[in-house]
Amino acid sequence: MRALTQDRYGWDALAVREVPDPVPGTGQVLVRVHAAGVNPYDWHFAEGQPLVARPTMGGLRGPRPPVRGADLAGVVVGTGPDVTAFAPGDEVFGFGSGGTFAELALAAEDALAHRPAELTPVEAAAVPMAGVTALQHLREAALTAGQRIAITGAGGGIGHLAVQIAAARGARVTGVCSAGNAELVRELGAAETVDYAREDFTAGRRRFDVVLANAGRYPVRALGRVVVPGGLVLVNDGSKEGLLGPLPDLLSAPLVSRFSPYRVRNVTATSSGADLAVLAGLVTGGVLRPVVSATYPLDQAVEAVRQVAGHGHARGKLVVTPA
């Protein structure tokens, strides 16, 4: 099969190559990939950033597995022993376990869900990592109707899905985004938007029960100024590079929470077939719709990852289409 692979860290190592077809093992599903969502996760592996995370990426010199991509949507073409939830011909979406910017990909049975009929494969591929991250962060917030939440990066991959989920729970959503994304964010359910280029919302008079911060534009202490006493700052910042990346923020969160009038949480999102099924239900119920701003064929997958790495893409999701 053809796949986007790398044998060492660095952009010059990424290329589409012929590699052996994967074979499903116990509890694994083999999927013919129709579409694969692009995430910041992918450029972190491409660059090997932050440096402290390289051992968890598979090695100090190069990532393992060598195929890039995590999200997928496609059709089941084979199953390994002990798989009972899926059969060949099933349309699925979820998380691959060995790279998804490829014509074929493996996935654990419990990391997939049936694709809702309301979504095309391209739309479904935009949901897994961003949608599960948004869902798990908002679950931590335990939002109730009438609460106020500010969501930064509201027009981006995680943000635009979080806006819809929060609004569906009856929260009053303020979306912090670019002027170009303001109309979209309001259409998705935000009560108001703030143009981050013209206004620092952390310096204003608005107060929120919850702030969901994406991509580290604002220091945690600045975010803490705009939450009510006992309020919650949810930090989702995988964008930092260098030696330690976001590790200092992760380690300091409990200390900040202890000595501040607000709480700070760093939620580590995990792949979950059960949460994918929840998201599928929200789609079927008309609550959730992913926005895909561009698609790329497999031969242009490196460019798609570069777009996300450059932090210039902030409108919904990008998707690679191997098939």
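Provided above is the structure to which this section pertains.
A brief report on the enclosed structure follows. Numbers given to residues run from 1 along each chain, matching the order in which its sequence is written. With pLDDT at 70 or above as the cut-off, local features in this predicted model cover only qualifying residues; side-chain atom pairs require 80 or more to be listed or tallied, and sums for whole chains, interfaces and linings still use all residues. Each side-chain value is worked out from all heavy atoms of the structure, with water and hydrogens disregarded.

Details of the overall build of the chain
Only DSSP runs of H or I with at least four residues qualify as helices, and only runs of E with at least two residues qualify as strands; both kinds are numbered from the N terminus onward. Helices and strands together make up the secondary structure of the chain, namely nine helices and 15 strands. Overall size of the chain, expressed as C-alpha extent along the three principal axes, is 55 × 45 × 35 Å. Throughout this description, buried means an accessible area under 20% of the type-specific maximum (1.4 Å probe, protein chains only), exposed means over 50%, and partly exposed covers the range between. Buried residues in the chain amount to 52% of all 323 residues. Here the contacts in the chain between residues at least 6 apart in sequence split such that 68% fall between residues at least 24 apart. Shrake-Rupley sampling with a 1.4 Å probe provides the accessible areas, and residues are treated as covered by the protein chains on show and by no other component. Summed over all atoms, the accessible surface of the chain reaches about 13,500 Å², with 53% contributed by carbon and sulfur. Residues scored as positive are Lys and Arg, those scored as negative are Asp and Glu, and His as well as the terminal groups of each chain are ignored. Each charge is placed at NZ for Lys, CZ for Arg, CG for Asp and CD for Glu. Distance between charge centres in the chain, computed from 29 positive and 29 negative side chains, equals 9 Å. Between two residues, a contact is recorded if the distance between any of their heavy atoms is within 4.5 Å.

Quick look at the packing of aromatic side chains
The aromatic pairing rule takes the rings of Phe, Tyr and Trp, using the six-membered ring of Trp, and pairs them if the centres are within 6.5 Å, calling planes under 30 degrees apart stacked, those over 60 edge-to-face and the rest tilted. The final tally for this structure, using the stated rule, is three aromatic pairs. With a centroid separation of 4.7 Å and an interplanar angle of 35°, the aromatic rings of Tyr-41 and Phe-45 are classed as tilted. Placement of the pair is Tyr-41 and Phe-45 together in helix H1 (residues 40–47), with a separation of four residues, close to one helical turn. Assessed through its relative accessible area of 37%, Tyr-41 is described here as partly exposed. Measuring from ring centre to ring centre gives 6.1 Å for Phe-201 and Phe-208, while their planes differ by 65°; the resulting arrangement is edge-to-face.

Side note on the pattern of salt bridges
Salt bridges are identified by distance alone: a Lys or Arg side-chain nitrogen within 4 Å of an Asp or Glu carboxyl oxygen. Per the counting criterion, the structure on display carries nine salt bridges. Between Arg-139 and Asp-275 there is a salt bridge; the shortest N-O distance is 2.9 Å. Residue Arg-139 is found in helix H3 (residues 128–141), and its partner Asp-275 is found in helix H8 (residues 273–284); the two are separated by 136 residues along the sequence. Given the relative accessible area of 7%, Asp-275 is considered buried. Two residues, Arg-148 and Glu-192, come together in a salt bridge whose shortest N-O distance is 3.5 Å. Of this pair, Arg-148 sits in strand E8 (residues 148–152) while Glu-192 sits in strand E10 (residues 192–195), and the two are 44 residues apart along the sequence. Classification of Arg-148 as partly exposed rests on a relative accessible area of 24%. The buried category is assigned to Glu-192, whose relative accessible area is 19%.

Some words on the sheet that holds E8
If DSSP finds at least two bridges between two strands, the strands pair. Across the sheet, which stays open at both edges, the six strands sit in the order E10-E9-E8-E11-E12-E13 with parallel pairing between neighbours. Looking at which strands have only one partner, the edges of the open sheet turn out to be E10 and strand E13 (263–265). Each strand axis lies, on average, 15° off the axis of its neighbour in the sheet, ignoring direction. For E8 and strand E9 (residues 172–177), the ladder comprises five bridges, and the chain directions are parallel. Of the residues in E9, the one forming a bridge with Arg-148 is Arg-172. Sheet contacts for H3: E8, strand E11 (208–214), strand E12 (227–236) and E13; angle to E12, the most-contacted strand, approximately 160°. Interaxial angle, 0 to 180 degrees, is taken between N-to-C directions of lines fitted to C-alpha atoms, where a helix line uses only the stretch in contact. Along the sheet, helix H4 (residues 157–168) contacts E8, E9, E11 and E12; its crossing angle with E8, the most-contacted strand, is approximately 170°.

Side note on the nonpolar core
Phe-93, Leu-138, Leu-143, Ile-149, Ile-151 and Val-163 are the most contacted members of the largest nonpolar core, which totals 45 residues. Considering each element in turn, this core owes the most residues, six residues, to H3. In contact with Leu-143, not counting residues within four places along its chain, are Leu-138, Ile-149, Ala-166, Arg-169, Ala-171 and Val-210. In these notes, a set of buried Ala, Val, Leu, Ile, Met, Phe, Trp, Tyr and Cys residues joined through side-chain atoms within 4.5 Å is what counts as a nonpolar core.

Description of H4
Working rule for helices: expected span equals 1.5 Å times residues minus one. Its 12 residues give H4 an end-to-end C-alpha distance of 18 Å, which sits within 8% of 16 Å, the value for a rise of 1.5 Å per residue. When we look at burial in H4, the residues that qualify are Gly-157, Gly-159, His-160, Leu-161, Ala-162, Val-163, Gln-164, Ile-165 and Ala-166. Remark: Gly-170 follows H4 within two positions and exhibits a positive phi of approximately 90°.

Describing the environment of Leu-298
By the secondary structure assignment, Leu-298 is in the loop between strand E14 (292–297) and helix H9 (301–309). Classification of Leu-298 as buried rests on a relative accessible area of 3%. In this structure, Leu-298 is in contact with Arg-2, Ala-3, Leu-4, Val-16, Phe-101, Ala-102, Val-320, Thr-321 and Pro-322, ignoring residues within four places of it in sequence.

Re the packing of H1 against H9
Look at H1 against H9: their axes get within 8 Å of each other, and the N-to-C directions meet at 100°. Here H9 runs roughly perpendicular to H1, going by the angle between their axes. Within the contact between the two elements, H1 uses Pro-40, Asp-42 and Trp-43 and H9 uses Val-305, Val-308 and Ala-309. Taken together, the residues of the contact of H1 with H9 break down into five nonpolar, no polar and one charged. Here the angle decides the label: under 35 degrees means roughly parallel, over 145 means roughly antiparallel, 65 to 115 means roughly perpendicular, and every other value means oblique. Three categories are distinguished: nonpolar for Ala, Val, Leu, Ile, Met, Phe, Trp, Tyr, Cys and Pro, charged for Asp, Glu, Lys and Arg, and polar for the others, with Gly belonging to the last.

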